[in-house]
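Each chain, letter by letter, is given below.
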Amino acid sequence: MIDPVLRLTGITKRFGSLVANDNISLELAAGEVLALLGENGAGKSTLVSILFGHYTADAGQISVNGQPLPPGDPRAALAAGIGMVHQHFTLADNLSVLDNVMMGTEPLWQPFTRQRAARGKLLSVAQQFGLTVEPKALVGSLSVGERQRVEILKALYRGARILILDEPTAVLTPQESEALFAVLGKMVAQGLSIIFISHKLGEVLRVSDRVAVLRGGKLVAQAAAAGTTQAQLAQWMVGHAIAEPVRQPTAHVGSPVVCALQSVSTGSGRERLAQVSLSLHAGEIVAIAGVSGNGQLALAELLCGTRQVQQGRVTYLGQPWPGQPARLVAQGVARIPEDRHAVGVVGDLPLWENAVSERLRTPAFSRWGWVRRQQARAYAQRVMQAFDVRGGGATSPARSLSGGNMQKLILGRALTQPEPGADHSAARLIVAHQPTWGLDIGAVAYVQSQLIAARDAGAAVLLISDDLDEVMTLGDRIAVMHAGELTSALPAMQWSRASIGLAMAGLTAGASMADTGELVHAA
Amino acid sequence: MRLEKRNQSSAVAMALAPVGAVGFTLLIASLLVLWAGAPVGQTYALLLKGGFGSVFALSETLTRAIPLMLTGLAAAVAFRARLFNIGAEGQLYMGALAAVVVGGLHGGTGLDWPTPVLFVLMMAAAALAGALLLLGPALMKTRLGVDEVVTTLLLNFIVLLLVSWMLDGPMKDPTAMGWPQSVALNPALELSKLIEQTRVHTGLLWGCALAVLLWLMMKYTVLGFDIRAIGANARAAAFAGVPVTRTVVLVAMLSGGLAGLAGAIEVAGRTSYLTLDMSPGYGYSGIVIAMLAGLHPLGVVLGSVFVAGVLVGADSMSRAIGVPTYIADVIVAASLISVLVATLLTQYRVRWQA
Amino acid sequence: MMELIDTLANPAFWVAVLRIATPLILGTLGVLLCERAGVLNLGIEGIMVAGAFTGWLAVFAGASLWGGVAVAALTGAVLGSLHAFLTVVLALSQHVSGLGITLLATSLSYYGYRVSFPKVTTPPTIAPFGPMDWLGVPVLSQQTALTLLALLLVPVLGYVLYRTPLGLAVRMVGENPQAAEGQGVSVAKVRTGAIVAGSALMGVAGSFLTLSAFNAFFFNMINGRGWVCVALVVFASWRPGKALLGALLFAFFDALQLRLQQSGGVTLPYQLYLMLPYVLSIVALVLVARKASYPQALMKPYRKGER
């Protein structure tokens, strides 16, 4: 009986009162691709972090090729042949590719470094697995796809036989994902075993031999990939059926333009806009697809008021763009930023102050510089009730909220008007940047249904998302962003997965840069 | 050894933290006293008595607490916005200089304006001088990303040299026979005594009033929210519409102004002259007081009395049994570090394994 | 103008430049090491005071001069360990920890001096390092051995930082600690080592003043030199070679203002001359501000394994 290459027995890990991993036992054979599935917060990242030694499990053992693995020590994991490609790359931008790969491979007390030999080894390993790399290049100058290659090479250079990939396709275009799968195939052919974390069900079934599903910290299902359907996977992941939000084709024709960008350029380097033109009409969702880092942040910041136009014009309801966050909010722009923790809320301040933070400068909540605390707390209470924000009283710090509840707070304050009794339709433009990132399926459905409801009530919704499924589900019109340039926003029917993928990589077949301004809807 | 966040900090732990910290500090200080060959118990007794043990001692402590209160408030408001103003010492001297320029007896009589007007002008000039001094580093930080710690520190040295030059030349007291001090302040502008036959002056009321005002501002006004938001997360604050640069400038002017006022109040209340040794490091002690008080304005009042008591008590103790007065500075510095550690330990638990 | 040329042509001027530069070189290299590993060390002013005091006290008590230097280095290392404990293990604010250490180290040193010499009117002295006549090189021969040490440390530190695995680990820890951890390097250990080593250098920088430049310990001896070193590190873009250049440049202007004062050519108040070094430091900071490429993890606390 051959030992499995990797065996986990009874792994349990708690963070305070949260049980992230609950008695998980798994095995991995040589040359096998195991997909680890689960919603956000199910415990996948925790499990592989324990495997790699970033965390120490509270209970359970890990053995590699029959040998027990010392816990909590990345060095031991590396020595045992485990390598990890992190979801957020662990690379130093100011150092070269070679430096990043070599780091930690030579004993620290060695008074010299064997750079030439290392360079040769790096190039030969790269060739062995079909990856191209330039050793002297500074990591900061590389594209996302190239950086992922360096991250992978770090593991392969050290002779990893078990490779863990944490959401590797989240930052890739469909074509780049294909290239990655080809590399994985080469690895498997050479006897490596792979643990592949993803929440993209189609990919998972394509690439893996076996799937293991985590839910609420427990391992709830294991099966061979062949013979399992996506629906079954979703069922295991969630435990019950979730109603997907349904978007009816919009009936609005020729509705007024809420916001228009004309040849807007701003920013420099990676986060820039290059002559972007777009018009957003009332009662529609325009979804912007594209791999993160192609200017989406610049566009979002522009429409959220934290970045200014350098060239071109932006109008709102026919008037010049207000430009400052406080004025935007007062005129009915609802904003959902990409990064809830770093931008959306001030974590140390209490919930109620965060709820009124963007409306504080209005007469509703302040008078002659003094905060109207009673009104502010009443408003916060309304928001928290209407949007079911749980996890603390109005005075607990915002960072104590879970991701989903934080997002509900942000959504709620953006869509709730100060005067009691007013309905949500007062928000005319909604700017949503990755609104469902990192949320569990229930919260995702909630946020998406809120966006659709706002659209149905007549708002213009701009949705920026790197999740292709979300774009295709929610977008009435779709545009694709690449290197700061935006394609025309065409009706969803005129796009296919493949054509969006091409556009994401900058290979558009004759698309024009100017938005026609005419809204053509399918019946 | 590593740290693990606790689920909730117990109220007991939070109350005990400062006590434990001060206790640990006194342990360190005891070793120093033993090194000096003095009896530990008696030393502490003399220290306490000298700082708080008599009406005279209390009055000296309160007098010393006045500038500390103001520099403490200056540090508290700046640090809240993560503007690390280490230049309070220089801003204090600038304020004192401005006070003497406006209110001094130049050529025997000084400016011939009604006293109330002159008084207001003098205080305003002092606050403005301190404010403008901090404005430079603040703008360098917001516009150019230059760390304000080093620039404010270096300015302290520059200001002290400037004051020295002024005292040698334009502001020299003609009657002082070579002693480096400025022209005297117009006696009409001096602050009156709060308690007869002590040195405690109405500056104490100014300090307490400003502390209360600052507390009210931080808690109840939009500006207070802006300051706290910027200090906690400047990006999120900008997203919410807080005018970051404008607020940082306001904070700088407020903080520098408070430190400048400290200088003017010292001149008007205690010394009547500007001298080079007027401030034995009040600006730096203010920072320690602000940190000890958790940046809370009302806590600064308490903290300044505590630190003043230690400083005054050490002076008196030193005269009695010869332990060098620097032990007071050691106690204050060690208190700072141990309070920080103790406060951290109320939020994190120590785990003795990997 | 003629005075300027006279001054520059006089070897004694350059001797003074090197002498003034030495503590700056050592101190700046110390700060550089700490900041490369991602930790700001504002304790330098206090550590230099403490190094000056303990080094001198050791020699006064009978130790050899190099023994005194070793004591100063040890003092720096101990204070550095405290800073490392507060900032690396406890992840406290690096600003506050550093300032606290400056206050603590300074007051401890002044206390220790007063306890050791309660009733002195003139500061007691020791026999300091002598010039290196055996070297036979102009200007350099009139320096003491500590200056030679400082000059040699520049290429040594450069080699260690850029051509050894340890140096790469230090740089990685200052750029992306997660990356270092993921490659099996202990961030805590590397940072602590860098802080302790850097602080030892700062202690030696302080001891130069009491064991070489002068022969006694005075209050306010360091007088802001520590802060100048912090500014110089930014000016040097965290590179040892440029740190040497920055220190020499600064010392050049400092020596120049001393000479100009003495020559009495222009009758500006002496305070203005003394201000020059501090003003220049601020100007230097402003000039390089836009282009500064900080070690990316500088001043960000790192807690292993925290959610």
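Everything below is about the structure printed above this text.
Residues numbered from 1 in each chain as written. Chains lettered and ligands numbered in written order. Predicted model: local features only at pLDDT ≥ 70, side-chain atom pairs only at ≥ 80, totals over all residues.

## Points about helix α8 (residues 230-238) of chain A
Residues and elements named next belong to chain A. What α8 keeps buried is the set Leu233, Trp236 and Met237. Viewed along the axis of α8, the buried residues span an arc of 100 degrees, placing them on a single side of the element. At its buried positions, α8 is contacted by β3 (33-37), α7 (201-207), β9 (210-215) and β10 (218-224). A positive phi of about 90 degrees marks glycine 239, the residue just after α8. (Buried ≥ 20, exposed ≤ 12 C-beta atoms within 10 Å, placed from the backbone. Helix = DSSP H or I, 4+ residues; strand = E, 2+ residues; numbered from the N terminus. Arc of directions from axis to C-beta. Contact = placed C-beta atoms within 7 Å.)

## Brief notes about the interface of chain B and chain C
Often, the extent of an interface is quoted as the loss of accessible area on bringing the components together. Contact with chain B, which involves 41 residues of that partner, is made by 36 residues of chain C. Counting residues per element, the ones that place at least two in the side of chain B that touches chain C are β1 (2-5), α1 (11-35), α5 (115-144), α6 (148-168), α11 (282-292) and α13 (326-347) of chain B. The element that contributes the greatest number of residues to the side of chain B that touches chain C is α6 of chain B, accounting for 12 residues. Class assignment for the residues of the side of chain B that touches chain C results in 33 nonpolar, 5 polar and 3 charged. (Nonpolar A, V, L, I, M, F, W, Y, C, P; charged D, E, K, R; others polar.)

## Overview of the packing of helix α7 (residues 203-220) of chain B against helix α12 (residues 297-321) of chain B
Residue and element names in this part refer to chain B. Closest axis-to-axis distance for the α7/α12 pair is 7 Å, and the angle between their directions is 150 degrees. Taken together, α7 and α12 sit at an angle that is classed as roughly antiparallel. Along its contact with α7, which presents Cys208, Ala211, Leu214, Trp215 and Met218, the element α12 presents Pro297, Leu298, Val300 and Val301. Looking at the contact of α7 with α12 residue by residue, the class counts come to 9 nonpolar, no polar and no charged. (Axes fitted to C-alpha atoms, helices over the stretch in contact; angles between N-to-C directions. Parallel < 35°, antiparallel > 145°, perpendicular 65-115°, else oblique.)

## A word on the pairing of strand β21 (residues 477-482) of chain A
Residue and element names in this part refer to chain A. In terms of residue burial, β21 counts as a mostly covered element, since 6 of its 6 residues are buried. Of the strand pairs in this sheet, strand β13 (residues 284-289) and β21 are connected by 4 bridges, and their pairing is parallel. Across the sheet, residue valine 286 finds its bridge partner in β21, namely arginine 477. Relative to strand β23 (residues 490-491), β21 runs antiparallel, the two sharing 2 bridges. Bridge assignment links arginine 477 to a residue of β23, and that residue is proline 491. Two strands pair when backbone bridges link them, and β21 and strand β22 (residues 485-486) are joined in this way by 2 bridges, in the antiparallel orientation. Across the sheet, histidine 482 pairs through a bridge with glutamate 485, a residue of β22. A loop of 2 residues connects β21 with β22, the two strands running antiparallel in sequence, and alanine 483 in this loop sits at a positive phi of about 50 degrees. (Pairing = 2+ DSSP bridges.)

## Here we look at the interface of chain C and chain A
Taken together, the contacts link 22 residues of chain C with 26 residues of chain A. Every element with two or more residues in the side of chain C that touches chain A is listed here: α7 (165-175) and α8 (177-182) of chain C. The dominant element in the side of chain C that touches chain A, judged by the number of residues it contributes, is α7 of chain C, at 7 residues. Residues that form the side of chain C that touches chain A fall into these classes: 8 nonpolar, 9 polar and 5 charged.

## Some thoughts on the sheet that holds strand β5 (residues 67-68) of chain A
Residues and elements named next belong to chain A. Read across the open sheet, the 4 strands follow the order β2-β1-β4-β5; overall the sheet is antiparallel. A strand with exactly one partner marks an edge of an open sheet, and here the two such strands are β2 (18-28) and β5. Note that strand β1 (residues 6-15) and strand β4 (residues 59-64) share 5 bridges and pair antiparallel. Residue pairing across strands places leucine 6 opposite valine 64, the latter belonging to β4.

## Overview of the sheet that holds strand β8 (residues 193-197) of chain A
Residues and elements named next belong to chain A. Sheet architecture is open: 6 strands sit in the order β6-β7-β8-β3-β9-β10, paired in mixed fashion. Strands at the two margins of the open sheet, each flanked by one partner only, are β6 (82-85) and β10. Here the strands of the sheet are splayed against their neighbours by 20 degrees on average, with no regard to which way each runs. The pairing of β9 with β10 spans 6 bridges and is antiparallel. Residue pairing across strands places arginine 215 opposite lysine 218, the latter belonging to β10. Along the sheet, helix α5 (residues 144-157) contacts β6 and β7 (162-166); its crossing angle with β6, the most-contacted strand, is approximately 175 degrees.

This is a description of form; function is not addressed.
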